[in-house]
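Geometric and topological summary
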Amino acid sequence: MVLDSKVPDGPLAEKWDNHRFSTKLVAPQNRRKFSIIVVGTGLAGGAAAATFGEMGYNVKSFCFQDSARRAHSIAAQGGINAAKNYKNDGDSVYRLFYDTIKGGDYRAREANVYRLAEISRNIIDQCVAQGVPFAREYGGLLDNRSFGGAQVSRTFYARGQTGQQLELGAYQALMRQVELGTVQLHTRHEMLDLVVADGRAAGIVVRDLVTGEIESHSAHAVILATGGYNNAFYLSTGAKGCNVTAIWRAHRRGAYFANPCYTQIHPTCIPVSGDYQSKLTLMSESLRNDGRVWAATKQDENRKPGDIPESERDYFLERRYPSFGNLVPRDVASRAAKKVVDDGFGVGDIHNGVYLDFADAIARLGRATIEQRYGNLFDMYAKITGDDPYKSPMRIYPAVHYTMGGLWVDYNLMSNLPGLFVAGEANFSDHGANRLGASALMQGLADGYFVLPATVPGELANQLGSAPVATTDAAFRDAEEAVTERVSRFLGTGGSHSPDFYHRKLGRILWDNCGMARNAGGLKKAIEEIGNLREDFERDLKILGNGDSLNQSLEKAGRVADFFELGQLMCQDALHREESCGGHFREEHQTPDGEALRDDDKFAYVAAWEHAGTGKPATLHKEDLVFEYAHPSQRSYK
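Treat the numbers as computed from the prediction; the structure is a model and nothing was measured.

Time to look at the overall build of the protein chain. For the protein chain, the helix and strand inventory stands at 17 helices and 19 strands. In terms of overall dimensions, the protein chain has C-alpha extents of about 75 × 60 × 50 Å along its principal axes. Residue burial in the protein chain is summarised as follows: out of 638 residues, 61% are buried. Considering only intrachain contacts with a sequence separation of at least 6, the fraction spanning at least 24 residues in the protein chain is 74%. Per element, the accessible surface of the protein chain, about 24,100 Å² overall, is 48% carbon and sulfur. Computing the positive centroid from 72 side-chain charges and the negative centroid from 79, the protein chain places the two 2 Å apart.

What follows is the structure, given as C-alpha cells:
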C-alpha cells in the first residue's frame with residue numbers, strides 16, 4: 001500500500017490555508033445529520049468533542065475514567081509553547097517550526113510541524129478566552145519562560161499546573177456541549193475494539209467498567225485521542241491507567257503503527273527508590289530554567305550536597321553544551337545524566353541520580369520568586385522524598401515519559417483506514433524522534449480545537465445522505481463476539497500470577513533493552529524474552545472476580561496483553577533502524593563524543609508497520625520524509 005501523506009502543494013507557509021480552502025465543507029444545517037465518536041477526553045479528545053458539538057455535529061465521547069477531567073493531560077506541568085514572541089527575543093512561527101524539526105532529529109513531516117507552529121498562536125488566544133489563568137508579568141501581559149531545545153522564551157504557563165488548567169478549560173467547553181445535548185458523555189467505558197465495515201471505520205465496541213456490559217456504538221467517523229503507551233515499561237511518569245489498547249485494537253484491524261521505538265526519556269524525574277514502586281514522578285522541565293544540574297567529581301558517602309565545594313562539582317550540561325546549558329533537549333540531557341551515573345558518580349543512597357540545584361537562583365532572585373514560579377512542584381517533591389528542595393538540591397534521573405510513535409496519520413490526521421482519525425499523543429505526526437518540552441499540550445489542543453474540525457468535514461461530506469452502519473451489522477456482531485471471547489479467556493485462565501506480575505517483568509525487559517540505549521543483541525534477546533513471557537502469561541494468568549462488575553484486574557489483563565504485542569513491535573522497529581536519532585539511541589551508531597549519529601541516506605522515513613498476526617513480525621511500509629526548508633544536519637547544542 002502506498003502511504004499518501006496528502007501534504008498539499010505550495011509554499012510551506014501557505015499549505016494550511018490553501019488546504020482548508022480546498023477541503024469540502026459540511027453546511028451548518030447538515031451537520032446534525034452526522035455522528036462522530038471521540039475516544040479520550042484529554043486535551044485532544046476533549047477539545048475535539050467540544051468543538052464538534054459546538055459546530056452542530058452529534059458527538060459521543062468515551063473515557064475509562066470516572067470523570068472526563070481525570071484524563072492524563074492534567075499531569076503536564078510545565079507549560080505550552082506558542083510563537084507569540086512576547087519577549088521580543090527573536091521568536092517566530094518559522095523558528096518554532098525549525099526548533100521542533102531539529103529537536104526531533106529530522107524525523108518529522110515538515111508540513112505538519114509548520115502547521116502546528118502556526119496554530120500555536122491561536123491556542124493561547126482560545127485558552128485565555130476560556131479563562132485559563134496563565135501567569136502574567138507585572139504589567140498584566142502573559143509571561144513566558146524557556147524550555148529545552150530553544151534559545152527563546154515561548155512557553156506559557158500557569159505555575160507548575162499548566163496541563164491541569166488547560167484540561168479544565170477543555171472540560172468546561174465539553175460539559176457545556178453535554179448540557180446542550182450535542183455531546184453524549186460515556187465515562188467508565190473502555191474501548192476494546194474498532195469496528196471496520198467495507199474498509200471503513202464504522203464504530204467501536206466498549207465495555208462498561210461498572211456493569212461489565214459489552215456495547216457497540218456506530219458513527220460516520222471515529223477519532224482516537226487516547227494518549228501514549230509509556231506504561232509498556234511499567235515504570236513511567238504516566239498515570240497507571242495509561243495504556244495502548246484503543247490504538248492497538250485499531251492496529252490489529254488494519255491501521256498502521258508508526259515509529260513505535262520512538263519513546264521519550266525525560267531527564268528530570270525523581271529516581272527509583274526501590275522494587276516496590278509502581279510508577280515514577282515527573283519534576284517539570286521548567287525547573288531547568290533556574291535549577292543547575294550537577295554531580296560530584298569525588299564520591300564521599302558522608303558528605304551532604306552543601307558540603308561539596310564548587311571545585312568538586314561538575315555542571316556537566318553547562319560544560320558539554322555551553323550554548324544551551326541546562327536547557328538542552330530531553331534526549332540529550334537524559335543521555336548525559338546516564339553517562340554520569342554509569343561512570344560511577346551517581347548521587348543518593350543507591351547512586352542512581354544527579355542533582356538539580358536551586359541555591360544560585362534563590363540567592364539571585366530570592367526564595368519568594370522561586371516559590372511563585374515552582375511552589376507546587378517543590379511541595380510535591382518534599383512530600384514524596386522528605387527533602388526540602390529550598391535547602392538541599394533535588395535528586396533527579398531520566399525516566400520513560402512521552403511516546404512519539406503512534407498510529408500513522410496523513411496531513412488530515414486520518415489513518416490509512418478511511419474514517420479513522422487519530423489525535424494528540426495517540427498519533428505519530430508532529431515530533432519526530434524526540435519531543436521538545438511544552439509541545440505535548442500544544443499538539444493536543446491544536447489537533448482538537450483547530451485541525452480536526454477543519455479536516456474531518458472533508459471526509460464526512462462524501463457521506464451526506466448515508467446513515468452510519470447499524471450496530472446490528474455483521475461487522476459489529478463479529479467485533480462484539482471477539483471482545484466477549486477475549487474477556488472470557490482472561491477470566492478462565494485460572495493461573496497463579498496477577499497481571500501486574502507480568503507487567504513488571506515486561507517493563508524490565510523493555511527498559512533494559514529498548515530504553516535509553518539499545519543494541520542489536522539486546523533487541524533480539526528482548527523479542528525472544530517477550531514472546532516467552534507472553535506465552536507464560538496466557539497459560540498462568542490469574543484474575544479474581546468475574547466480568548459482570550467492576551474488576552480492575554480484568555482491565556489490567558487486557559492492557560498488559562496488548563503491551564506484550566506492542567513491546568515486540570517496539571523492539572522490531574528499533575532493531576531495523578540502524579541509526580541513532582533523538583530518543584532512539586543505538587549504541588552501534590554514535591559520534592566519537594557520544595552523540596546520536598543519524599543515517600539520512602537510509603533512514604529518513606517514517607516506519608509504518610502493518611499487523612501480520614499475533615507473534616508474527618509486522619510488515620514494514622515507508623513514508624519518505626522530504627526536507628525542503630529545514631535541511632538535516634548533525635544536531636549540535638554546544
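Our focus in this paragraph is the pairing of strand S6 (residues 189-197). For S6, a buried count of eight out of nine residues is recorded, marking the element as mostly surrounded by other parts of the structure. Between S6 and strand S7 (residues 200-208), which pair antiparallel one after the other, the connecting turn spans two residues, and aspartate 198 there sits at a positive phi close to 55°.

For helix H4 (residues 93-103), the tally of buried residues reaches eight of eleven residues, placing the bulk of the element in the interior. For H4, the secondary structure elements touched by its buried residues are helix H5 (110-130) and helix H12 (440-460). Taken from the residues just after H4, aspartate 105 is the one with a positive phi, measuring 60°.

Attention shifts here to the domain arrangement of the protein chain. Domain boundaries in the protein chain define domain 1 (265-393) and domain 2 (474-624). Once you take the C-alpha centre of each, domain 1 and domain 2 turn out to be 32 Å apart. Between domain 1 and domain 2, the residue contacts involve eleven residues of the former and nine residues of the latter. Carbon and sulfur atoms make up 54% of the area that domain 1 and domain 2 hide from each other, which totals about 810 Å². Contact with domain 2 buries area across many residues of domain 1, yet Ile265, Arg335 and Lys338 alone supply 61% of it, more than any other trio.

Three or more residues of helix H9 (residues 330-345) are buried, namely Arg330, Asp331, Val332, Ala333, Ser334, Arg335, Ala336, Ala337, Val340 and Val341. Residues of H9 that are buried in the fold lie against strand S11 (263-269), strand S12 (292-296), helix H8 (316-320), strand S14 (354-357) and strand S15 (394-403).

Moving on, we come to the sheet that holds S15. Ordered by their spatial adjacency, five strands build an open sheet running S11-S15-S14-S12-S13, and the pairing between neighbours is antiparallel. Two strands bound the open sheet, and with one partner strand each, they are S11 and strand S13 (313-314). Pairing of S11 with S15, which is carried by four bridges, proceeds in the antiparallel orientation. Across the sheet, residue histidine 266 finds its bridge partner in S15, namely alanine 399. Sheet contacts for H9: S11, S12, S14 and S15; angle to S11, the most-contacted strand, approximately 65°.

A word on the packing of aromatic side chains. The relative placement of two aromatic rings is captured by the distance of their centres and the angle of their planes. Here the structure, examined in full by the defined rule, presents 22 aromatic pairs. Taking 6.3 Å as the distance between ring centres and 15° as the angle between the ring planes, the aromatic pair formed by tyrosine 374 and phenylalanine 378 counts as stacked. Linking tyrosine 374 with phenylalanine 378, this pair stays in helix H11 (residues 367-385), spanning four residues, or about one helical turn. In this structure tyrosine 374 comes out as buried when scored by relative accessible area, which is 1%. Judged by relative accessible area, phenylalanine 378 falls into the buried class, the value being 1%. Ring centres of phenylalanine 537 and phenylalanine 564 lie 5.2 Å apart, and the angle between their planes is 55°; this geometry places the pair in the tilted category. Linking phenylalanine 537 in helix H15 (residues 520-540) with phenylalanine 564 in helix H16 (residues 552-576), this pair joins segments that are 27 residues apart in sequence. The two residues phenylalanine 537 and phenylalanine 564 agree in class, both being buried. Here the aromatic residues Phe490, Phe501, Tyr502, Phe537 and Phe564 are joined through ring pairs into a cluster of three or more. When the ring centre of tyrosine 390 is taken as origin, the NZ or CZ atom of arginine 367, which lies over that ring, is 3.9 Å away. For arginine 435, the ring lying beneath its charged end belongs to tyrosine 402, and the centroid distance is 4.1 Å.

Calculation notes
Residues numbered from 1 in each chain as written. Predicted model: local features only at pLDDT ≥ 70, side-chain atom pairs only at ≥ 80, totals over all residues. Heavy atoms only, no water. Helix = DSSP H or I, 4+ residues; strand = E, 2+ residues; numbered from the N terminus. Buried < 20%, exposed > 50% of the residue type's maximum accessible area, 1.4 Å probe, protein only. Contact = heavy atoms within 4.5 Å. Areas by Shrake-Rupley, 256 points an atom, 1.4 Å probe, with all protein chains shown as cover. Lys, Arg positive; Asp, Glu negative; His and termini not counted. Charge placed at Lys NZ, Arg CZ, Asp CG, Glu CD. Pairing = 2+ DSSP bridges. Domains from an automatic or database assignment. Buried area = accessible area lost by both parts, 1.4 Å probe. Axes fitted to C-alpha atoms, helices over the stretch in contact; angles between N-to-C directions. Phe/Tyr/Trp six-rings, centres within 6.5 Å; stacked < 30°, edge-to-face > 60°. Lys NZ or Arg CZ within 6 Å of the ring centre and 35° of its normal.

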